[in-house]
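Structural description and commentary
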Amino acid sequence: MLKIYNTLARDKQEFVPIVPGKIGMYVCGMTVYDYCHLGHARVLVAFDMVYRWLKASGYDVNYVRNITDIDDKIIKRAAENGESIHALTARFIAAMHEDADALGVQHPDHEPCATQYVPEMLEMIATLEQRGLAYQAPDGDVNYAVRKFAGYGKLSGKSLEDLRAGERVEVAEGKHDPLDFVLWKHAKADEPEEVKWDSKWGKGRPGWHIECSAMGSKLLGSHFDIHGGGADLQFPHHENEIAQSEGAQPDDGSHGQFVNYWIHNGFVRVDNEKMSKSLGNFFTIREVLKQYDAEVVRFFILRAHYRSPLNYSDAHLDDAKGALTRLYTALKSLPVRPELVEGERATQSIHASTSSARTDLVDWSEPYAARFKTAMDDDFNTPEAVAVLFDLVNEVNHTKSAEAAAQLKALGDVLGLLQRDPVEFLQGRSLQAHMHEEVRASSSADAEVVRGENFINAQIEARIAAKKARNYAEADRIRKELLDAGIVLEDSAAGTTWRRA
RNA sequence: GGCGAGAUAGCAAAAUGGUUAUGCAGCGGAUUGCAAAUCCGCCUAUCCCAGUUCGAUUCUGGGUCUCGCCUCCA
């Protein structure tokens, strides 16, 4: 039985879907005006893991992850760049998809853009106005009247009084209450036509929160199972979503509740501080991927629990790399079962696993798999699940069991890990193209030679010759030289192989 | 100021009212021409002070410290 920590209850709860066997899940995605940073990577990977586990548990999941493609920052950035809003957002949507693909993130079932759902938003705002929950201020903005919504604050655990006490921003004119938030922003003269939509309240554009309410209810219904996002969205974004969506529930005496389970992931930190744009202490995903294999980054994220803080540093990434190397080394030593080997050549990237994890290959009654499942069912405890993977590694190395190796790979697949050819991972071919680029740029001929596979293989041959001639000094010199270049040689009965340190 | 989360070994990170987390690092042994990998064994821990209990890292209270939200934010 799956248990989920529900922010709404501030406790782990047994998960019961609204419709047996089916799950509607909405996750707040990115505002696309810049490259994604590691904090975004964590949301992408964390909810990808949730998505995979729900599917592996047999649910038919409808996963919606939105894209915010209209927003103050977008308008500002486009103006700075002298380009259209659409050109800017299209570029960063493409970049986001590249980053997500690299990290092995499966595509959501729907990826709606805010600009495509303006009519639905206007409809919802009209309903709210009709019910006295929204009003148009003198400046033309349409605001939500928070004090008219009884449940305001239930997600973030705040009361209107607490919030007012902590008020530290200037209150916009015309609001009935300082905490009222904007549903529809009236058009400003200096804004491009591209961001002006007609409405009964005049030309304008949507406020930030309304898009998620409108798209969520359009694609998943007015009441659905799971809503996720970063912990910083809890307030005000998700609180406001609840106010909007529950305030606009259909008038048919049905449920009245918007979402049953709210899931929030923890932050990525740098030097114990939240990684954020405003602090400027962020690393973009593509920056990090120049230095580290994408699967190492994915593993780094999944090795911590999704609600815990995750400190980013090179030392921690190096540590993750070492750990993942142990997993792949175990898989390298043995061929897994034929049905798993088949097609392996075609699955060279970590996102290769098909839309539904190959759970048919997992025997969940087998002790390791059972432990893995218990861990995942306990609020997606990936650190515990990963620990099971390492116990399986010991089993594989100890018994040389092909079944255990197959199990290791199959369970890895559930987490979106371990699906590459181990040799490809260990020799770091995925970084090859990049390395060559960098080497050329630095015009360091030596480094290029040393790093080239041809050179490595030639050195291995030379060393074998030296060993045959019992010239161990030369053999050791070659080993040392390659090691200094980051290449580890491994002798075995089957011959000499190499991997990157 | 209001609200919330957390403090576990050298580092990272789980769990648990009494019994091995796990990974990296370190130490000893096996193996190896030397290594690497692997196996076997070992070492380092539960922020402080009270309380509950036969027994607390785990529960309760107090304290200290850290972090987050209250402003755009994943």
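Scoring rules and cut-offs
Residues numbered from 1 in each chain as written. Chains lettered and ligands numbered in written order. Predicted model: local features only at pLDDT ≥ 70, side-chain atom pairs only at ≥ 80, totals over all residues. Heavy atoms only, no water. Helix = DSSP H or I, 4+ residues; strand = E, 2+ residues; numbered from the N terminus. Buried < 20%, exposed > 50% of the residue type's maximum accessible area, 1.4 Å probe, protein only. Contact = heavy atoms within 4.5 Å. Areas by Shrake-Rupley, 256 points an atom, 1.4 Å probe, with all protein chains shown as cover. Axes fitted to C-alpha atoms, helices over the stretch in contact; angles between N-to-C directions. Parallel < 35°, antiparallel > 145°, perpendicular 65-115°, else oblique. Left-handed = near helix turned anticlockwise from the far one by under 90°. Nonpolar A, V, L, I, M, F, W, Y, C, P; charged D, E, K, R; others polar. Pairing = 2+ DSSP bridges. Core = buried A, V, L, I, M, F, W, Y, C linked by side-chain atoms within 4.5 Å. Domains from an automatic or database assignment. Expected span 1.5 Å × (residues − 1). Arc of directions from axis to C-beta. Polar contact = N/O pair within 3.5 Å; in protein donor to acceptor, adjacent residues only side chain to side chain. Salt bridge = Lys/Arg side-chain N within 4 Å of Asp/Glu carboxyl O. Phe/Tyr/Trp six-rings, centres within 6.5 Å; stacked < 30°, edge-to-face > 60°.

1. A short note on the overall build of chain A
Scanning chain A from N- to C-terminus turns up 19 helices and 15 strands. The buried share among the 501 residues of chain A stands at 51%. Taking the intrachain contacts of chain A between residues at least 6 apart in sequence as the baseline, contacts between residues at least 24 apart amount to 73%. Summed over all atoms, the accessible surface of chain A reaches about 22,000 Å², with 51% contributed by carbon and sulfur.

2. So, the packing of helix α12 (residues 367-377) against helix α14 (residues 402-414)
Close contact between α12 and α14 brings their axes to 10 Å; oriented N to C, the two are set at 15 degrees. With respect to each other, α12 and α14 are oriented roughly parallel. Seen from above, α12 lies across α14 with right-handed handedness. Contacts between α12 and α14 involve Y368, A369 and F372 from the first element and Q407, L411 and V414 from the second. Here the residues of the contact of α12 with α14 sort into five nonpolar, one polar and no charged.

3. Thoughts on the sheet that holds strand β5 (residues 134-136)
By way of backbone hydrogen bonds, the strands of a sheet pair with one another, either parallel or antiparallel. Taken in spatial order, the four strands of this open sheet run β5-β6-β7-β8, and their pairing is antiparallel. Both outer strands of the open sheet, β5 and β8 (204-206), are each paired with one neighbouring strand and no more. The sheet shows a mean angle of 25 degrees between the axes of neighbouring strands, taken without regard to direction.

4. Overview of unusual backbone geometry
The omega torsion of the bond from F235 to P236 falls at 0 degrees, within 30 degrees of zero and hence cis. With respect to the helices, strands and loops of the structure, P236 is situated in helix α7 (residues 234-247). Unusually for a residue other than glycine, D271 sits at a positive phi of about 50 degrees. The topology assignment puts D271 in the loop between β11 (268-270) and β12 (273-274).

5. A look at the sheet that holds strand β3 (residues 22-31)
Here four strands make up an open sheet; going across it, the order is β4-β3-β9-β10 and the pairing parallel. One side of each edge strand has no neighbouring strand; the edge strands of this open sheet are β4 (60-68) and β10 (259-265). Direction aside, neighbouring strands of the sheet carry axes that sit 20 degrees apart on average. Two strands pair when backbone bridges link them, and strand β9 (residues 224-230) and β10 are joined in this way by six bridges, in the parallel orientation. Opposite G228, over in β10, you have I263 as the bridge partner. Its contacts with the sheet put helix α6 (residues 210-220) on β3, β4 and β9, and the angle it makes with β4 is roughly 150 degrees.

6. Quick look at the pairing of strand β15 (residues 495-500)
In terms of strand pairing, strand β14 (residues 487-492) meets β15 through six bridges, oriented antiparallel. Bridge assignment links L489 to a residue of β15, and that residue is W498.

7. With respect to the nonpolar core
Residues F372 and F380 are the most contacted members of the largest nonpolar core, which totals 136 residues. For this core, the element with the most residues is helix α1 (residues 38-56), which contributes 13 residues. Among the domains, domain 1 (3-270) and domain 2 (312-425) are the pair contributing at least three residues each to this core. The contacts of F372, once residues within four sequence positions are left out, are W53, W364, A385, V388, L389, L411, V414 and L415.

8. Notes on helix α13 (residues 382-399)
In this model, α13 (18 residues) spans 25 Å end to end at C-alpha, consistent with the 26 Å of a helix rising 1.5 Å per residue. All buried positions along α13 are accounted for by T382, A385, V386, V388, L389, L392, V393 and V396. Projection of α13 onto a plane perpendicular to its axis shows the buried side chains occupying an angular sector of 155 degrees, all on one side. Check the buried side of α13 and you find it contacts α1, α9 (294-302), α10 (314-333), α12 and α14. The backbone nitrogen of E384 lies 3.2 Å from a side-chain oxygen of the residue at the head of α13, namely N381. Backbone geometry just after α13 places K400 at a positive phi near 60 degrees.

9. Focus on the pattern of salt bridges
Overall, the coordinates contain 37 salt bridges when judged by the stated rule. The closest approach of N and O atoms between R77 and D34, which form a salt bridge, is 3.5 Å. Note that R77 is positioned in helix α2 (residues 72-81) and D34 in the loop between β3 and α1, a separation of 43 residues in sequence. Residue E481 is joined to R477 by a salt bridge in which the shortest nitrogen-to-oxygen separation is 3.0 Å. Of this pair, E481 and R477 both sit in helix α19 (residues 472-484), four residues apart, which is roughly one turn of the helix. Residue E481 is classed as partly exposed on the basis of its relative accessible area of 31%. Of the residues examined, R477 reaches a relative accessible area of 39% and is grouped as partly exposed. Within the structure, one salt-bridge network assembled from shared partners comprises D34, K76, R77, E80 and K277.

10. Let's talk about the packing of aromatic side chains
Counted according to the given criterion, the structure contains 16 aromatic pairs. On the basis of an interplanar angle of 80 degrees and a centroid distance of 5.0 Å, the ring pair of Y35 and F92 is categorised as edge-to-face. Placement of Y35 in the loop between β3 and α1 and of F92 in helix α3 (residues 85-102) is noted, with a sequence separation of 57 residues between them. On the basis of relative accessibility, which here comes to 32%, the residue Y35 falls in the partly exposed class. Ring centres of W53 and W364 lie 5.6 Å apart, and the angle between their planes is 80 degrees; this geometry places the pair in the edge-to-face category.

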